[in-house]
Amino acid sequence: MLKDVTLGQFFPGNTVIHRLDPRTKLIWTVLYIVALFLAKGAAGYGMMLIVLLAVIAASRIRLSVILKSLKPLLLVIILTAVLNLFYTSGETLVSFWIFRITREGIRSAIFMVLRISMLVTGTFMLTYTTSPIALTDALENLFGPLKKLHVPVHELAMMMCIALRFIPTLIEETDKIIAAQKARGADFESGNLLARAKAMVPILVPLFISAFRRADELATAMECRCYHGGEGRTRLHQLRYARRDVLALGLGTVVLAAAIVLRNYGL
């Protein structure tokens, strides 16, 4: 299951999505999330699904990778669907014991599953097509005005980048620890919930020790390179908007406006 977590991974490429300015992709992601939450009916969700599929096709990210990223969230998606299915009031279709399935519940369950799936996939597309360094530069640039309020923008952006970068590393480390503990006879699947929770201790302790060791090594490496924050820092690659970025931002604005119009008409 841990191997299915793909958050923080970057898939290099030369597609039109990869070549977009990272600031454009960040803004596009925000616009997409807002438009997705504004979607109300079948037409709105259909439009957002078409937009997402078009982005996936343009980025040439394999569909198997997208489906793999949703696998760890399968329990959350199923639980959300069940809660909406049985606890939404409306016209009753089926009733048994304390459960009641309504027409509105089915509609709500379908839309909530679509919303969660598209929200996760749309967010993951940002990290799939943007390198951590480019993402850090974009965040620092977009939140640059906050520096006048003495907000440590560079440090916050760097911490977010490091956190995303080390998610795959920590997942790989966790898999190695689990394999090593199983080789020593550890059992993580039998017993009740409390027993399984106690069985996780031999995994969590070495994982935390490894994470702190990596953090200490990273801090030492940064100090050895005379790192002192973002003040006076220069970049090898300067961020510049191109024509494709303007077109992409214009398209994102159109999608948001269309979502607002469809919501107003209840579609």
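The rules behind the values
- Residues numbered from 1 in each chain as written.
- Predicted model: local features only at pLDDT ≥ 70, side-chain atom pairs only at ≥ 80, totals over all residues.
- Heavy atoms only, no water.
- Helix = DSSP H or I, 4+ residues; strand = E, 2+ residues; numbered from the N terminus.
- Buried < 20%, exposed > 50% of the residue type's maximum accessible area, 1.4 Å probe, protein only.
- Contact = heavy atoms within 4.5 Å.
- Areas by Shrake-Rupley, 256 points an atom, 1.4 Å probe, with all protein chains shown as cover.
- 1 Å grid on protein atoms, 1.4 Å probe; cavity = no way out; pocket = protein on both sides within 12 Å on 5 of 7 lines; lining within 4 Å.
- Points joined across faces, edges and corners; volume = space filled by probe spheres on them.
- Nonpolar A, V, L, I, M, F, W, Y, C, P; charged D, E, K, R; others polar.
- Salt bridge = Lys/Arg side-chain N within 4 Å of Asp/Glu carboxyl O.
- Patch = residues over 30% accessible without salt bridge, like charges linked within 9 Å, V, L, I, M, F, W, Y side chains within 5 Å.
- Arc of directions from axis to C-beta.
- Pairing = 2+ DSSP bridges.
- Axes fitted to C-alpha atoms, helices over the stretch in contact; angles between N-to-C directions.
- Parallel < 35°, antiparallel > 145°, perpendicular 65-115°, else oblique.
- Left-handed = near helix turned anticlockwise from the far one by under 90°.
- Polar contact = N/O pair within 3.5 Å; in protein donor to acceptor, adjacent residues only side chain to side chain.

Engineer: Explain the overall build of the protein chain to me, please; I cannot follow it from the model alone.
Structural biologist: A tally of helices and strands in the protein chain yields 11 helices and two strands. Seen in sequence order, the protein chain has helices and strands lined up from the N terminus as α-α-α-α-α-β-β-α-α-α-α-α-α. Overall size of the protein chain, expressed as C-alpha extent along the three principal axes, is 70 × 60 × 40 Å. With 267 residues in all, the protein chain has 34% of them scored as buried. In the protein chain, once contacts between residues fewer than 6 apart in sequence are set aside, the share between residues at least 24 apart is 74%. Carbon and sulfur atoms form 68% of the exposed surface of the protein chain, whose accessible area is close to 16700 Å².

Engineer: Just to check I follow, could you spell out the layout of surface pockets for this structure?
Structural biologist: Left-over empty space is what a probe sized like a water molecule reveals as it rolls over the atoms. Size it by volume and the second largest pocket reaches roughly 430 Å³. Elements supplying a minimum of two residues to the lining of the second largest pocket: α1 (16-19), α2 (22-38), α3 (42-59), α6 (103-129) and α11 (243-264). Looking at the lining of the second largest pocket, its residues break down into 16 nonpolar, three polar and two charged.

Engineer: Is there a simple way to explain the pattern of salt bridges in this structure?
Structural biologist: A side chain of one charge can pair with a side chain of the opposite charge if their charged atoms are brought near each other. For the structure shown, the criterion picks out three salt bridges. E173 is paired through a salt bridge with R214; the nearest N and O atoms lie 3.2 Å apart. Separated by 41 residues along the polypeptide, E173 in helix α8 (residues 153-183) and R214 in helix α10 (residues 201-224) bring together distant segments of the chain. Judged by its relative accessible area of 28%, R214 is partly exposed.

Engineer: Would you explain a nonpolar patch on the surface in this entry?
Structural biologist: Judged by side-chain polarity, L93, V94, F96, W97, I98, I106 and I110 come together as a nonpolar surface patch covering roughly 730 Å² of accessible area. No other element matches strand β1 (residues 92-96), which puts three residues into the nonpolar patch. In this structure, W97 sits in the loop between β1 and β2 (99-102).

Engineer: Is there a simple way to think about helix α4 (residues 63-70) in this case?
Structural biologist: For α4, the set of buried residues is V65, I66, S69 and L70. Within α4, the buried residues cover an arc of 140° as seen down the axis, which keeps them to one side. For α4, the elements touching its buried residues are α3, α5 (74-86) and α6.

Engineer: Can you walk me through the pairing of β2 in this structure?
Structural biologist: Within a regular beta strand, the side chains point alternately toward one face of the sheet and then the other, so they alternate between its two faces. Sheet topology places β1 next to β2; four bridges connect them, and they run antiparallel. When the bridges of β2 are listed, V94 appears paired with I101. The antiparallel hairpin formed by β1 and β2 contains two residues in its connecting segment, where W97 sits at a positive phi of about 50°.

Engineer: Got a minute to help me understand the environment of L26 in this structure?
Structural biologist: Following the sequence through the fold, L26 ends up in helix α2. Accessibility expressed as a relative area gives 14% for L26, which makes it buried. Measuring from C-alpha to C-alpha, the distance between L26 and A138 comes to 7.7 Å, with 112 residues separating the pair along the chain. Setting aside chain neighbours within four positions, we find L26 in contact with L126, L135, A138, L139 and L142.

Engineer: Quick question: what am I supposed to make of the packing of α4 against α6 here?
Structural biologist: In a pair of packed helices, the angle between the axes and the distance between the axes together describe the arrangement. With their axes 10 Å apart at the nearest point, α4 and α6 run at an angle of 120° to one another. Between α4 and α6, the crossing angle belongs to the class labelled oblique. Remark: the crossing between α4 and α6 carries right-handed chirality. Each of V65, I66, S69 and L70 in α4 lies in contact with α6, whose residues at this interface are S117, V120, T121, F124, M125 and Y128. Class assignment for the residues of the contact of α4 with α6 results in seven nonpolar, three polar and no charged.

Engineer: Before we go on, may I ask you to explain the side chain of T80 in this structure?
Structural biologist: Within the secondary structure, T80 sits in helix α5. By relative accessible area, which is 16% here, T80 ends up buried. Of note is the side chain of T80, whose polar atom sits 2.8 Å from the backbone oxygen of V76. If we skip the residues at most four places from it in the chain, T80 touches M112 and I116.

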